[in-house]
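Working through the structure, step by step
Below, each chain spelled out in residue letters.
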Amino acid sequence: MPTSLLSPPARRPVFRLPDSLRMRFGVLARTVAAVVGGYLLAALTAALMSLHLPMARVDAVMTGTMTALVVFPAAVMWSFAARTALRAWIGLAVPVGLLALPFALSGGAA
């Protein structure tokens, strides 16, 4: 059956990775997101809680550190539970950005 002169030619993908490599790169991207994003999220959580909790400095640091010990595994679980690696990165970048803003505005360490 001849194609119409008005219809554009079918496009073929220029290059596409095999499925096994795409899966491996997805796992690598999620692992890097979990380690880097989880660390940043946990560190910012501990730092902000240490600086801004209305209690003795020692108690605020301990509370921030214990909370960060829960935040890090939650971030790791999130990066592997997200539907795509991009969503994992975005899901960690948004809270890191939201916590980095008040930390930067407060002047970092007190």
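The following refers to the structure shown. (Residues numbered from 1 in each chain as written. Predicted model: local features only at pLDDT ≥ 70, side-chain atom pairs only at ≥ 80, totals over all residues. Heavy atoms only, no water.)

**Digging into the environment of Leu92**
- Positionally, Leu92 belongs in helix H3 (residues 85–105).
- Taking the C-alpha atoms as reference, Leu92 lies 9.0 Å from Leu40; in sequence the two are 52 residues apart.
- Filtering out sequence-adjacent residues up to four positions away, Leu92 remains in contact with Ala33, Ala34, Gly37, Gly38, Leu41, Ala75, Trp78 and Ser79. (Helix = DSSP H or I, 4+ residues; strand = E, 2+ residues; numbered from the N terminus. Contact = heavy atoms within 4.5 Å.)

**Looking at the packing of helix H1 (residues 19–52) against H3**
- Look at H1 against H3: their axes get within 9 Å of each other, and the N-to-C directions meet at 20°. Considering their axes alone, H1 and H3 lie roughly parallel with respect to each other. You can see that H1 and H3 cross each other, and the crossing is left-handed.
- Residues belonging to the contact of H1 with H3 are distributed by class as follows: 19 nonpolar, four polar and one charged. (Axes fitted to C-alpha atoms, helices over the stretch in contact; angles between N-to-C directions. Parallel < 35°, antiparallel > 145°, perpendicular 65-115°, else oblique. Left-handed = near helix turned anticlockwise from the far one by under 90°. Nonpolar A, V, L, I, M, F, W, Y, C, P; charged D, E, K, R; others polar.)

**A short note on H3**
- Compared with an ideal rise of 1.5 Å per residue, which puts 21 residues at 30 Å, H3 spans 30 Å between its outermost C-alpha atoms and is within 8% of the ideal.
- Listed as buried for H3 are Ala85, Ala88, Leu92 and Val96. Viewed along the axis of H3, the buried residues span an arc of 60°, placing them on a single side of the element. Facing away from the buried side of H3, by more than 90 degrees, are the exposed residues Leu86, Leu98, Leu101 and Leu105.
- Buried-residue contacts for H3 involve H1 and helix H2 (57–81).
- After H3 finishes, the residue Gly107 shows a positive phi value of roughly 90°. (Expected span 1.5 Å × (residues − 1). Buried < 20%, exposed > 50% of the residue type's maximum accessible area, 1.4 Å probe, protein only. Arc of directions from axis to C-beta.)

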